[in-house]
Amino acid sequence: MMFLAWNEIKKNKLRFTLIIGVLMLVSYLVFFLSGLATGLQNLNRESVDKWQAEAIVLTEESDKSMNQSSLTIEDAEAIDAKELAVIGQINAVAGNGDVKTKVSLFGIREDEFIMPNVTEGKVFTGENEVIASDVLQDEGFKIGDELQLSSSEQILKIVGFTDNARFNAAPVLYGDLSTFHRVKFGEADELNLTSINAIVVRDDNIEAITTGKSLELMQVETFIENLPGYTEQSLTLNFMIYFLFVISAVIVAIFLYVLTVQKISMFGVMKAQGISNGYLARSVIAQTFLLAAVGVIIGFVLSLITGALLPSAVPVAFNLITMSIYGLVLIVVAIMGAVFSILTIVRIDPLKAIGG
Amino acid sequence: MAVLELKQVKKTFGSGHKQVEALKEINFSADKGELIAIIGPSGSGKSTFLTIVGGLLTPTSGAVIINNKNLSDISEKERSKIRLKEIGFVLQASNLVPFLTVANQLKLLDQVKKGNMTKSQLDDLYEDLEIGELRTKYPADLSGGERQRVAIAKALYSNPSIILADEPTASLDSDRAYEVMELLKNETKRKNTTTIVVTHDIRLVDYCDKVYKMTDGVLLQVNERNDKRDEV
Ligand SMILES: Nc1ncnc2c1ncn2[C@@H]1O[C@H](COP(=O)(O)OP(=O)(O)OP(=O)(O)O)[C@@H](O)[C@H]1O
Ligand SMILES: [Mg+2]
């Protein structure tokens, strides 16, 4: 099966190198875009993924936006779930005197599952201490930095760093609920001490959970899809990827078809000799598979290399499973592109080869 | 027992006033070990005859019987199997696979069919055809005569019982043409095959056991061996 395919490739190296080159570029683009899509998604969701939770409760009014949702610790106490955690959240701009950056402050309870692991430094214990996303480290923040906030008089102090802590494109600062309350409502406020933004639920059977009136329980995935910009970005990139699948099918179809048309008389001779359509078709498929596989593998390796060389500010993250699936799709799609050529071969009349 | 038999075979192309009767009731049979020449003017139906014998074209009426199998009773798939097993075509020189070396042209047949020549038979064949040195060459690097000999090797390699050659010497000078005929003759005798050669070249009939003349779709045997040249 590989005999014809391989010998032809060997004889016409330039021609087939070109096809491999084109397939390589297309797959490189696919892999890179998928890396970008994953990267942008992580930017929005990695802190949420870290919760490993099934559902989240917000107010109905908030329209699935944590920022706009306001509920109380009493609401959380009324919910009967296997495990839950409360969270207060506010967006701010934080600066250490040198650099400023957008952050998202999470107010949490130390003994609940949202409490992050500490990769460097220590856990917050005192007032206004926070664990920061290690992204801030790259931006020039250090342990011990005192942070001024845009919306508050409070000064926060970084005591530790944690990984995978970005929410809706902003690095997260984790502090306790009282720190969050001081930042959001001011020192003197006594009224809002039980105010939180959301309740996060870990429970396999979320259908059975009832919440108070005017509250909405949704799957974490639904919540993520409703983060500002998240679905739009994902859709755009995925659309580009799917479009590239179509493009690569068309490219392969055109290339192979042109090659096949050039070889019509040769196929005619082979058929006159009694070589079956099946054998010739398998041979074309084997050849396409070979070309596509080599192109995809080179594209794969190149995109990993590019990813490693890019500055960390570019949000690429390679999900090997997704990439493998896309790679397989590319190969399958290329083989579909070969169908035209196979149909052409099947239709060739061996008589034509003999001539008069 | 005839290897090949044609009974009342007719072939008509087209219809209405454009209708061409390419073959008019051909009755023909050939035995093992026979080298047969078909001669005749252009357009007389020689190629049509050969392609019908080879199972590439179906007759309008009549029967083509190869080794007791009636070609019109079987499917195209089986016909293609018969072509592969029983028939060796010698085609125009350009009909080699351009991206296969001489050796691989033959190896391709190993991919699709068993019962081809053994290694030592193949070596003999290379020697007979004087193409041993060309094994690693591609068709584009061969002369017309060399290509033709490779085409013959290809036809013989699968040990066919019938060899069909349409103008096998067309692209050769006369010395080479004689050599090719000599070779076809030897192979026919040694392997006991049935070989049919279509040719314009009257001088080649000397090599043949029987000569037929095709005129306007009518096939007639030219009788006396010695008079073959005179009669045509
Ligand atoms: N596919 C076809 N459709 C219509 N007419 C055809 C077809 N093939 C052959 N013919 C006609 O049948 C007749 C015999 O053709 P054929 O090719 O058998 O001649 P030939 O003896 O091989 O000629 P040449 O020596 O030139 O090769 C010619 O009149 C030709 O025009
Ligand atoms: Mg002809």
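Residues numbered from 1 in each chain as written. Chains lettered and ligands numbered in written order. Predicted model: local features only at pLDDT ≥ 70, side-chain atom pairs only at ≥ 80, totals over all residues. Heavy atoms only, no water.

Visitor: Please explain the overall build of chain B as it appears in this structure.
Guide: Scanning chain B from N- to C-terminus turns up seven helices and 10 strands. Radius of gyration (C-alpha) of chain B: 17 Å, near the 17 Å computed for a compact globule of 232 residues. For chain B, with 232 residues in total, the buried portion stands at 54%. A sequence separation of at least 24 residues applies to 70% of the contacts in chain B between residues at least 6 apart. (Helix = DSSP H or I, 4+ residues; strand = E, 2+ residues; numbered from the N terminus. Rg over C-alpha atoms; globule rule 2.2 N^0.38 Å. Buried < 20%, exposed > 50% of the residue type's maximum accessible area, 1.4 Å probe, protein only. Contact = heavy atoms within 4.5 Å.)

Visitor: Looking at this structure, I do not really get the interface of chain A and chain B. What am I missing?
Guide: Counting from both sides, the interface comprises 23 residues of chain A and, opposite them, 23 residues of chain B. In total, about 2,200 Å² of surface goes out of reach between chain A and chain B, with carbon and sulfur atoms giving 70% of it. The interface formed by chain A and chain B holds zero salt bridges in total. At the boundary of chain A with chain B, the tally comes to four residue pairs in polar contact (both at pLDDT 80 or more). Within the residue set of the side of chain A that touches chain B, elements represented by two or more residues are helix H1 (2-11), helix H8 (264-272) and helix H12 (350-354) of chain A. Taken together, the residues of the side of chain A that touches chain B break down into 13 nonpolar, six polar and four charged. (Buried area = accessible area lost by both parts, 1.4 Å probe. Salt bridge = Lys/Arg side-chain N within 4 Å of Asp/Glu carboxyl O. Polar contact = N/O pair within 3.5 Å; in protein donor to acceptor, adjacent residues only side chain to side chain. Nonpolar A, V, L, I, M, F, W, Y, C, P; charged D, E, K, R; others polar.)

Visitor: In this structure, what is going on with a positive patch on the surface? I would like to understand it.
Guide: Positive charge collects at one region of the surface, where Arg282 of chain A together with Lys69, Lys77, Lys81 and Lys85 of chain B lie side by side. Counting residues per element, the positive patch draws most heavily on helix H2 (residues 76-86) of chain B, which supplies three residues. Within the secondary structure, lysine 69 of chain B is located in strand S5 (residues 69-70). (Patch = residues over 30% accessible without salt bridge, like charges linked within 9 Å, V, L, I, M, F, W, Y side chains within 5 Å. Areas by Shrake-Rupley, 256 points an atom, 1.4 Å probe, with all protein chains shown as cover. Lys, Arg positive; Asp, Glu negative; His and termini not counted. Charge placed at Lys NZ, Arg CZ, Asp CG, Glu CD.)

Visitor: I'm lost on the sheet that holds strand S4 (residues 61-66) of chain B in this one. Help?
Guide: Strand pairing in a sheet takes place through backbone hydrogen bonds and is either antiparallel or parallel in direction. Residues and elements named next belong to chain B. Reading across the sheet, the four strands line up as S2-S1-S4-S5 and stay open at both edges, with antiparallel pairing between neighbours. Each edge of the sheet is formed by a strand with only one pairing partner; in this case those strands are strand S2 (20-30) and S5. As paired elements, S4 and S5 share two bridges and run antiparallel to each other. When the sheet's bridge partners are listed, isoleucine 65 is paired in S5 with asparagine 70. (Pairing = 2+ DSSP bridges.)

Visitor: What am I meant to see in the sheet that holds strand S8 (residues 194-198) of chain B here?
Guide: Residue and element names in this part refer to chain B. In space, the six strands of this open sheet follow the order S6-S7-S8-S3-S9-S10, with mixed pairing throughout. Of all strands in the sheet, those with a lone pairing partner are strand S6 (87-90) and strand S10 (218-222), marking the two edges. Neighbouring strand axes in the sheet, compared pairwise and without regard to direction, differ in orientation by 20° on average. Pairing analysis gives four bridges linking strand S3 (residues 35-39) to strand S9 (residues 210-215), with the strands arranged parallel. Residue pairing for S9: alanine 37 is matched across the bridge by valine 211. (Axes fitted to C-alpha atoms, helices over the stretch in contact; angles between N-to-C directions.)

Visitor: Help me out: how do you make sense of the site of ligand 1 in this one?
Guide: Neighbouring ligand 1 are 13 residues; Ser42, Gly43, Lys46, Ser47 and Thr48 of chain B lie closest to it. One finds residues of chains A and B in close proximity to ligand 1. Measuring from an oxygen atom of ligand 1, one finds a side-chain N or O atom of threonine 48 of chain B at 2.5 Å. Going through the elements one at a time, S2 and helix H1 (46-53) of chain B are the ones with two or more residues in the shell around ligand 1. When residues of the shell around ligand 1 are assigned to their parent elements, the largest contribution, three residues, is made by H1 of chain B. Partitioned by chemical class, the residues of the shell around ligand 1 number four nonpolar, eight polar and one charged. (Near = heavy atom within 4 Å.)

Visitor: What should I look at first to understand the environment of threonine 288 of chain A in this one?
Guide: Residue and element names in this part refer to chain A. Of note, threonine 288 is situated in helix H9 (residues 277-309). According to the relative accessible area criterion, threonine 288 is buried, its value standing at 2%. Between the C-alpha atom of threonine 288 and that of methionine 336, which follows or precedes it by 48 residues, the distance is 9.4 Å. Once residues lying within four places of it in the same chain are set aside, the contact partners of threonine 288 are Val252, Leu256, Ala334, Ile335 and Ala338. Within the structure, threonine 288 has its side chain in polar contact with the backbone oxygen of valine 284 (distance 2.7 Å).

Visitor: In this structure, what is going on with the packing of helix H4 (residues 119-129) of chain B against helix H5 (residues 144-157) of chain B? I would like to understand it.
Guide: Helix packing geometry: the angle between the two helix axes and the distance between the axes. All names here are of chain B. Across the interface, H4 lies against H5 with an axial gap of 10 Å and an inter-helix angle of 150°. Classified by the angle between their axes, H4 and H5 sit roughly antiparallel to one another. The two elements H4 and H5 meet at a crossing, and its hand is right-handed. Along its contact with H4, which presents Leu122, Leu125 and Leu129, the element H5 presents Arg149, Ile152, Ala153, Leu156 and Tyr157. Classifying every residue of the contact of H4 with H5 by side-chain character gives seven nonpolar, no polar and one charged. (Parallel < 35°, antiparallel > 145°, perpendicular 65-115°, else oblique. Left-handed = near helix turned anticlockwise from the far one by under 90°.)

Visitor: Please explain the pairing of S6 of chain B as it appears in this structure.
Guide: Consecutive side chains of a regular strand alternate in pointing toward one face of the sheet and then the other. Residues and elements named next belong to chain B. Of the two faces of S6, both are covered, the one formed by Ile87 and Phe89 as well as the one formed by Gly88 and Val90. In terms of strand pairing, S6 meets strand S7 (residues 162-166) through four bridges, oriented parallel. What sits directly across from glycine 88, in S7, is isoleucine 163.

Visitor: Before we go on, may I ask you to explain unusual backbone geometry in this structure?
Guide: Working note: non-glycine residues mostly have negative phi, and peptide bonds are mostly trans. All names here are of chain A. Unusually for a residue other than glycine, lysine 64 sits at a positive phi of about 65°. Examined against the element boundaries, lysine 64 turns out to sit in the loop between strand S1 (55-59) and strand S2 (71-72). We note that alanine 169 has phi near 75°; this positive angle belongs to a residue other than glycine. Mapped onto the secondary structure, alanine 169 falls in the loop between strand S9 (166-167) and strand S10 (170-176). Take alanine 169: its relative accessible area is 39%, and that puts it in the partly exposed class.

Visitor: How should the domain arrangement of chain A be read in this particular structure?
Guide: A common way to report how large an interface is uses the accessible area buried once the components associate. All names here are of chain A. For chain A, the assigned domains are domain 1 (2-44 + 231-354) and domain 2 (55-203). Here the C-alpha centre of domain 2 lies 48 Å away from the C-alpha centre of domain 1. Roughly 390 Å² of surface becomes buried between domain 1 and domain 2 when both sides are summed, with 39% attributable to carbon and sulfur atoms. When the buried area of domain 1 at its contact with domain 2 is split by residue, Asn42, Leu43 and Asn44 rank highest and sum to 90% of it. Summed over the shared surface of domain 1 and domain 2, the number is zero salt bridges. Counting the contacts that link domain 1 with domain 2 gives two residue pairs in polar contact (both at pLDDT 80 or more). Taken together, the residues that form the side of domain 1 that touches domain 2 break down as one nonpolar, three polar and no charged. (Domains from an automatic or database assignment.)

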